[in-house]
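The chain contents come next:
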Amino acid sequence: MAQQSLVRRVKIIGTGSYVPERVVTNKELEELASTNDSWVQENLGIQERRIAPTDCATSDLAFAAAERALQSAGVQADELDMIILATATPDRIAPATAPKVQARLGAVRAAAFDINAVCSGFLYGLTIGAQFVGTGMSKKALVIGADTFSRIIDWRRRDCVFFGDGAGAVVLSDTPDDTGFLCSRLYSDGNGYESFTVPAGGSEMPPTQQTVSEGLHFFRMNGRSVFETAVKVIPEALLHVINSSGVSINDIKHVIPHQPSINILKESAKRIGIPFSKFHTNMDRYANTSSATIPLLLDEVNSKGCIEQGDLVAFVAVGAGWTWGASLLRW
C-alpha cells in the first residue's frame with residue numbers, strides 16, 4: 001500500500017477529454033459474437049462504445065485530450081514540468097508513448113513517461129503527479145489516461161462488449177488555499193495476475209506466428225474474479241481515504257469511479273453506504289475505456305458544471321494486476 005503525503009496542497013486546474021467519432025452499438029456486435037444487447041445493458045450498463053479508426057493510435061487520443069485540458073487550465077504546454085501517460089495500449093512497446101505526446105504538444109521543459117496499471121492507471125498517475133507537484137519538484141503536471149482497447153479485442157468473443165477507446169487528461173498545480181487533494185492510497189495484489197491479461201507480446205511470450213494464430217495477443221478475462229475483487233476493494237479503498245481525511249461518508253458529494261460495469265458500481269455503493277446517485281457514470285455511451293475512464297468522466301461532469309467549489313470528490317478504480325486505489329479532494 002502506498003499513501004500520499006504532500007508538503008504543498010495540489011489541485012486539478014483543468015480537465016479535457018476526447019473520444020473517436022465512430023459509434024459501435026451492442027446490436028452491431030450481435031452480428032459478430034455470441035452476445036445479447038439486453039443482457040449487456042442490464043448487467044454492464046453499456047449501450048455503445050467509441051472505436052478509433054485504423055490510422056489513429058493511443059498517442060492521437062492522448063494528444064487531443066491533453067490539448068483540451070491545457071486550454072481548460074489556461075496553461076501553455078511549455079509551462080509543464082511533467083507529463084504522465086497512463087495506458088495499457090501504448091503505440092509501441094518501446095519507446096514510451098508519452099514523449100511522442102510531449103513533442104506534439106511542444107512541452108519542451110517536461111519530463112514524460114508512461115505507466116501501466118491498466119484500469120487503475122490514471123489514478124496511479126494522478127497520485128504520482130500530485131506527489132511531484134506537492135513536494136515542489138514540479139510546478140505543473142499533465143496526467144493523461146488513454147487507451148485503444150479495440151486493438152486487443154477479439155471481436156468474435158462475447159467479451160468484446162466490455163471496452164471502448166478514449167482519452168482524458170488533467171492539469172495539476174499547487175494551491176495556497178484548502179482545496180485540492182486530501183488523501184490518496186494505492187494498492188496491488190499480484191495474486192490476481194492471471195485474472196485479466198494479454199498473454200503474448202512481452203518477454204515472457206514473444207510474438208510468433210503461433211501466438212498470433214492462437215489469439216494470445218487479445219485480452220483474456222475471468223469475469224467472476226473481476227466482479228468479486230472489484231466489489232470488495234472499491235468500498236475498502238474509498239473508506240480508507242474518507243476515514244484518513246477526517247470526513248464522513250455523508251460529506252462526499254461526487255464519486256468519479258472507473259467504469260467496470262453498472263452492477264459492480266451499484267454493489268460497491270451499497271456496501272460502502274453511499275447513495276448510487278452520487279456515483280457518476282458514462283459507460284452507457286463509452287463502455288470501459290480503461291485508463292481513460294476517470295479523466296473522461298471527470299471532464300464531462302466538470303464541463304457540465306456539476307461540481308461546485310468546496311465539494312468533496314472521490315476517485316476510485318480497480319485494474320488488472322490486481323491494482324486499485326482511491327483519492328479524495330476538495331474541489
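The text that follows walks through the structure, step by step, so that each part is easy to find. (Residues numbered from 1 in each chain as written. Predicted model: local features only at pLDDT ≥ 70, side-chain atom pairs only at ≥ 80, totals over all residues. Heavy atoms only, no water.)

**Some thoughts on the packing of aromatic side chains**
Aromatic ring pairs: the centre-centre distance and the angle between the two ring planes describe each pair.
Link 1 in the chain: All told, the structure shown has nine aromatic pairs when counted by the stated rule.
Link 2 in the chain: With centroids separated by 6.5 Å and ring planes inclined at 45°, the aromatic side chains of phenylalanine 162 and phenylalanine 163 adopt a geometry described as tilted.
Link 3 in the chain: Measuring from ring centre to ring centre gives 5.9 Å for phenylalanine 276 and phenylalanine 279, while their planes differ by 20°; the resulting arrangement is stacked.
Link 4 in the chain: Classification of phenylalanine 276 by relative accessible area gives partly exposed; the value is 28%.
Link 5 in the chain: Residue phenylalanine 279 is classed as buried on the basis of its relative accessible area, which comes to 4%.
Link 6 in the chain: Through a chain of ring-to-ring contacts, the aromatic side chains of Phe149, Phe162, Phe163, Phe196 and Phe219 assemble into a single cluster.
Link 7 in the chain: Stacked on the ring of tryptophan 39, the Lys or Arg arginine 158 has its end atom at 5.9 Å from the ring centre. (Phe/Tyr/Trp six-rings, centres within 6.5 Å; stacked < 30°, edge-to-face > 60°. Buried < 20%, exposed > 50% of the residue type's maximum accessible area, 1.4 Å probe, protein only. Lys NZ or Arg CZ within 6 Å of the ring centre and 35° of its normal.)

**Concerning the nonpolar core**
Link 1 in the chain: The biggest cluster of nonpolar side chains holds 50 residues, and the ones touching the most others in it are Leu238 and Ile252.
Link 2 in the chain: Those elements that place two or more of their residues in this core are helix 2 (37–44), strand 9 (180–188), helix 7 (223–244), strand 12 (252–257), helix 8 (262–272), strand 13 (312–319) and strand 14 (323–330).
Link 3 in the chain: Those residues in contact with isoleucine 252 that lie beyond four places of it in its chain are Ile242, Val247, Lys278, Leu312, Ala314 and Leu328. (Core = buried A, V, L, I, M, F, W, Y, C linked by side-chain atoms within 4.5 Å. Helix = DSSP H or I, 4+ residues; strand = E, 2+ residues; numbered from the N terminus. Contact = heavy atoms within 4.5 Å.)

**Some points on the side chain of glutamate 300**
Link 1 in the chain: By the secondary structure assignment, glutamate 300 is in helix 10 (residues 293–303).
Link 2 in the chain: Excluding residues within four positions of it along the chain, glutamate 300 makes contact with Asn282, Arg285 and Tyr286.

**Things to note about helix 10**
Link 1 in the chain: With nine of its 11 residues buried, helix 10 lies for the most part within the structure.
Link 2 in the chain: Buried residues of helix 10: Thr293, Ile294, Pro295, Leu296, Leu297, Leu298, Asp299, Glu300 and Val301, and no others.
Link 3 in the chain: A positive phi of about 75° marks glycine 305, the residue just after helix 10.

**Quick look at unusual backbone geometry**
Outside of glycine, negative phi angles account for most residues, and trans bonds account for most peptide bonds.
Link 1 in the chain: The omega angle of the peptide bond from alanine 94 to proline 95 is 0°, so this bond is cis rather than trans.
Link 2 in the chain: As for its position among the elements, proline 95 is in the loop between strand 5 (82–86) and helix 4 (98–105).
Link 3 in the chain: Cis peptide bonds are those with omega within 30 degrees of zero, and the linkage from glycine 321 to tryptophan 322 qualifies with -10°.
Link 4 in the chain: Relative to the helices and strands, tryptophan 322 resides in the loop between strand 13 and strand 14.
Link 5 in the chain: Positive phi, close to 50°, is recorded for valine 118, a residue that is not glycine.
Link 6 in the chain: Note that valine 118 resides in the loop between strand 6 (111–115) and helix 5 (121–134).
Link 7 in the chain: One non-glycine residue, alanine 287, lies in the positive phi region at around 60°.

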